[in-house]
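These are the residues of each chain, in order.
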Amino acid sequence: MQDKMVEEDGKELRTYWYLLMENRFLLLSVFIAVFAFIFIFTKLSRPVYQSNSTVLIESSDKGLSFFPIREMNPRQTLINNHIEMIQSRTLIEKVVSALENDSTLDSLYLKDAKYSREKRMAIVKSGLSVIPIKDTDILRISYRDKTPFNAYYITNLIVSQYYKVNLDMTRGELSEVRHFLEEQLLKIENELKHSEENLKLYKEGNSILELSEETKMLVQMISTYEQQKKATEVELLTIASRLKALKNNLNESQKALTEGMFNTSNPFIARSLKELETLESNYAYYLSIGYDSLHPKIIEVKSRIEQIKSQVIETSRISLRETYVSSNPIEYTEGIMDEILSLQVEQKAKESMLNALSEAVSQYESKMRNVPLKEISLARLERDKKVSEELYLMLRSKYEESRVAEAGKLGAVRIIDKAVLTTSPILPKTGRNLILGFFLSLIIAIGTVLLKEYIDDSIKDIDEIEREFKIKTLGSVPLILQKADANGKADSINLKSPIVSNLPEGSPVSESYKILRTNILYISQDNPPKMMTVSSATKGEGKSTTAANLAIVLSQLNKRTLLVDADLRRPTITKLFDIAQKSRGLTHLIKENTPISECIYETSMPNLYVLPHGERTTHSTELLESAKTKVIFKELRNMFDYVIIDTSPMLSIADPTILSRISDGMLWVVQFKKAHKRDLQYASKILLNMNVNVLGFVFNNINMTSYYGRYYYYHYYYHYHTKEEGEQ
């Protein structure tokens, strides 16, 4: 069984090989055409240049850590966030803006006025690619362009712009604080100038230079509390600015989460906040009476304040995890949330201090009502000036601190390698294209051949006929090949009369007709057919040649054999046997009552006789349908051992079906690679409807040089006899 499978596989491989060889000119033409196109396209393709730069994404990435973590691998998510940011429209816009504002690089074609801003952005985005390097936190940023300088320059521009964007995101909170302090500092500076000017004008206009000691003391206390109050207000606004910057980088669900982080309904937190208010009030009082930061009272109060704030933060964190984070862990970004919680507690503490300071200021201002009117006005001006001075100095100090902190804050992006100018294009890759083009051309060429064979519905397979029509094949006849003589010319006899009598004894064609004869005689051993009609579906399939050769091989059995030319429209038999065209024949027998003996002609071959067609007629169907026709063929059956009737094609006229019903059956001739399946199907329906007995198929003119011909028995038979003749 295994040997049989190997044999079948080998046969299939040979089948495909013969198919390709038979269509070798089509195969070669398609291959050359496709390969030539690929070659020309490769040579004419404009070169593409690429520059590469690598950046490191550090773990301490506060710039993008605000984004929600949606995957089990937070580090991979962070890398993906960076990739999306590099390819975002925001960054591309910054790159294009930098290109448009660069006046030194006129060689950049993207600055051409014919390109709109959107077109420039589309070009930059199409050339950009970002690839993470496996098992690292490094990204390779590449840009492709049609000029090497553009590829190099735009790659570095993309990297530098993203470095700035990431740095701005990382410094976002500190930048917000700095901008706020700048605004407040400018405002307080103007207030200080205004206060100094008002104080100067008042003193000059009222001749009052000094305040009483009691008034000075009141002014000092009010100024101290007022300065602390304004400083607290600034700190509250700073905290609010930082909270806003942090919350802007959270998604909607996280923003909702921050609203419930600081739960004042908790009894412990409520008690802690009340104690915090008392401590902040004491702290403000100690500062107002002159205690410095090293005083034991100040140290004690500050320590207790920090202790309470830490307890409130820890209690809020535990409550948050129990009520929300446990069910939504991926929404919780611990570092950011802890910072927001700390700022919220700090905000509450500052609000408590602000309330205490406001109350203290109100108390001292009520004491000022007992001071003389002129001194009250001077005292207020002195207080405003002193408060503005202290507040200005405090803001100036904080502003400088914020600038230093912002400058020291580094982003998460580190540039490892900048792009370098290269003059070697990455595309087209000529060698690779030609190798791939070779195989692609071969595949397309083979596919074209297979497609051609698939579309071609001509009959090339005996098994296909038998499967389709359930009719057995009685014989297969090779193509009669013309042999050249010594002068290189084809044999004129073979060209004129393609019949077996003109072929060498034992040739494949002669033997194939003998096999056909044997198969016909043994269709039925008790009642073999004596009168047979030979036809085909369409013209030119070799039915007349088949009928003549079959008659010849039957006569070689020493049996009287009659070949009837019943193709009354396109007769051929008379030409094959050199019988005069106007000889009496079948039509004379039917129409003129001519004796049969006068219409039958002997041939040069023993026992073989021919009944010509007689006169040509366009009313052949009417003649053959007559009752006399049946009488004539009945007499012929009695006179001869075998009667072979050559008639018209089935799809052109009704004659074959008429004669087939008179005879013992029909031999259906199908020509190799000429007969089409659709024609055979239509002819089969006609025969089925007329209840015609089809003896079998004769597969005619199998080309021995074709792979289909070699597929069959004749391939072996042909080589067998060729070898035998060569040995002889």
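Residue indices begin from 1 for each chain and proceed along its sequence in written order. A pLDDT threshold of at least 70 governs which residues receive local features in this predicted model, and a stricter bar of 80 or more applies before side-chain atom pairs are shown or counted, although totals over entire chains, interfaces and linings include all residues. The basis for every side-chain value is the complete set of non-hydrogen atoms in the structure, without hydrogens or water.

## A closer look at the packing of aromatic side chains
Next up, step 1: Stacked, edge-to-face and tilted labels apply to pairs of Phe, Tyr and Trp rings (six-membered ring for Trp) whose centres lie within 6.5 Å, assigned for plane angles under 30 degrees, over 60, and everything in between, in that order. Tallied over the full model, the rule gives 11 aromatic pairs.
Next up, step 2: Taken together, a centroid distance of 6.3 Å and an interplanar angle of 45° make the contact between F469 and W668 tilted. Of this pair, F469 sits in helix α15 (residues 462-469) while W668 sits in strand β11 (residues 666-671); the two residues are 199 residues apart in sequence, bridging distant segments of the chain. One exposure class covers both F469 and W668, and it is buried. Each helix is a run of H or I in the DSSP string that is no shorter than four residues. Each strand is a run of E no shorter than two, and both are numbered from the N terminus. Note on exposure labels: buried denotes an accessible area under 20% of the residue type's maximum, exposed denotes more than 50%, and partly exposed covers the range between, all computed with a 1.4 Å probe on protein chains only.

## A word on a nonpolar patch on the surface
Next up, step 1: Patch membership is restricted to residues that have no salt bridge and whose relative accessible area is over 30%. Joining uses 9 Å for like charges and 5 Å for the nonpolar side chains Val, Leu, Ile, Met, Phe, Trp and Tyr. Each accessible area is a Shrake-Rupley estimate made with a 1.4 Å probe; only the visible protein chains count as cover when residues are assessed. What counts as a salt bridge is simple: a side-chain nitrogen of Lys or Arg found within 4 Å of a carboxyl oxygen of Asp or Glu. Taken together, the side chains of I435, F438, F439 and L442 present a nonpolar region at the surface, about 380 Å² in accessible area.
Next up, step 2: Structurally, I435 is set in helix α14 (residues 430-455).
Next up, step 3: The exposure class of I435 is exposed, given its relative accessible area of 52%.

## Comments concerning the side chain of S441
Next up, step 1: Considering the arrangement of structural elements, one finds S441 in helix α14.
Next up, step 2: Among the residues examined, S441 registers a relative accessible area of 0% and is labelled buried.
Next up, step 3: Identification of polar contacts relies on pairs of N or O atoms within 3.5 Å, with a donor-acceptor requirement for protein atoms, meaning one able to donate a hydrogen and the other able to accept it, and with residues adjacent in sequence counted only if both atoms are side-chain atoms. Of note is the side chain of S441, whose polar atom sits 2.6 Å from the backbone oxygen of G437.
Next up, step 4: Residue contacts are counted whenever heavy atoms from the two residues lie within 4.5 Å of one another. Filtering out sequence-adjacent residues up to four positions away, S441 remains in contact with F31, V34, F35 and I38.

## Here's the deal with the sheet that holds strand β1 (residues 49-57)
Next up, step 1: Reading across the sheet, the 4 strands line up as β2-β3-β1-β4 and stay open at both edges, with antiparallel pairing between neighbours. Each edge of the open sheet is held by one strand with a lone partner, namely β2 (128-132) and β4 (413-417). In this sheet, adjacent strand axes meet at a mean angle of 30° when their direction is disregarded.
Next up, step 2: Pairing geometry for β1 and strand β3 (residues 138-145), over 8 bridges, is antiparallel. Directly across from S53, in β3, lies its bridge partner I141. Pairing between two strands is assigned when DSSP locates at least 2 bridges connecting them. A fitted line through C-alpha atoms represents every axis, and for helices the fit uses only the stretch in contact; the resulting angles, taken between N-to-C directions, go from 0 to 180 degrees.

## Side note on α14
Next up, step 1: Helix span, expected: 1.5 Å multiplied by one less than the number of residues in the helix. Taking 1.5 Å of rise per residue, the 26 residues of α14 would be expected to cover 38 Å, and the 36 Å separating its terminal C-alpha atoms lies within 8% of that figure.
Next up, step 2: Those residues of α14 lying buried are N433, G437, S441, A445, V449 and E453.

## Some points on the sheet that holds strand β5 (residues 473-478)
What links the strands of a sheet is backbone hydrogen bonding, and the strands pair in either a parallel or an antiparallel sense.
Next up, step 1: Sheet architecture is open: 8 strands sit in the order β5-β12-β11-β6-β10-β7-β9-β8, paired in mixed fashion. Each end of this open sheet is capped by a strand with a single partner; those strands are β5 and β8 (601-602).
Next up, step 2: Inspection of the sheet shows strand β7 (residues 561-565) paired to strand β10 (residues 642-646) by 5 bridges, in the parallel sense. Looking across to β10, one finds that L563 is bridged to I644.
Next up, step 3: On the sheet, helix α17 (residues 508-521) packs against β5, β6 (531-536), β10, β11 and β12 (694-702) and is oriented at approximately 170° with respect to β5.

## A look at the pairing of β3
Next up, step 1: Relative to β3, β2 runs antiparallel, the two being bridged by 5 bridges. Counted as the bridge partner of S129 is S142 from β3.
Next up, step 2: Count of turn residues in the β2/β3 antiparallel hairpin: 5 residues, of which D135 carries a positive phi of about 60°.

## Describing the nonpolar core
Next up, step 1: Core analysis: the biggest nonpolar cluster contains 33 residues, and L550, L563, F577, I644 and L667 have the highest contact counts within it.
Next up, step 2: Other than its neighbours up to four places away in sequence, I644 contacts M532, V534, A547, L550, A551, L554, L562, L563 and V564.
Next up, step 3: The next biggest cluster of nonpolar side chains, apart from the first, holds 32 residues, and it includes L99, L139, I154 and I158. Side-chain atoms within 4.5 Å are what join buried Ala, Val, Leu, Ile, Met, Phe, Trp, Tyr and Cys residues into a set we call a nonpolar core.

## Remarks on the environment of Y115
Next up, step 1: Structurally, Y115 can be placed in the loop between α4 (89-101) and α5 (117-127).
Next up, step 2: Ignoring any residue separated from it by four or fewer positions in sequence, one finds Y115 in contact with Y109, L110, R120, I123 and K146.

## Concerning unusual backbone geometry
Next up, step 1: In this model, L427 is joined to P428 through a cis peptide bond whose omega is -5°.
Next up, step 2: Note on placement: P428 falls in the loop between β4 and α14.
Next up, step 3: Notably, K470 is not glycine yet its phi reads approximately 55°, a positive angle.
Next up, step 4: The residue K470 is located in the loop between α15 and β5 in this model.
Next up, step 5: For K470, a relative accessible area of 72% puts it in the exposed group.
Next up, step 6: Unusually for a residue other than glycine, D578 sits at a positive phi of about 55°.
Next up, step 7: Of note, D578 is situated in the loop between α19 (573-576) and α20 (586-592).
Next up, step 8: Given the relative accessible area of 58%, D578 is considered exposed.

## Some remarks on a positive patch on the surface
Next up, step 1: Two residue types count as positive, namely Lys and Arg, and two as negative, namely Asp and Glu; His and chain ends fall outside the count. Each charge is placed at NZ for Lys, CZ for Arg, CG for Asp and CD for Glu. A contiguous patch of positive charge on the surface is contributed by K539, R570, K575, R616 and K674.
Next up, step 2: Assignment of secondary structure puts K674 in the loop between β11 and α24 (677-689).
Next up, step 3: Classification of K674 as partly exposed rests on a relative accessible area of 34%.

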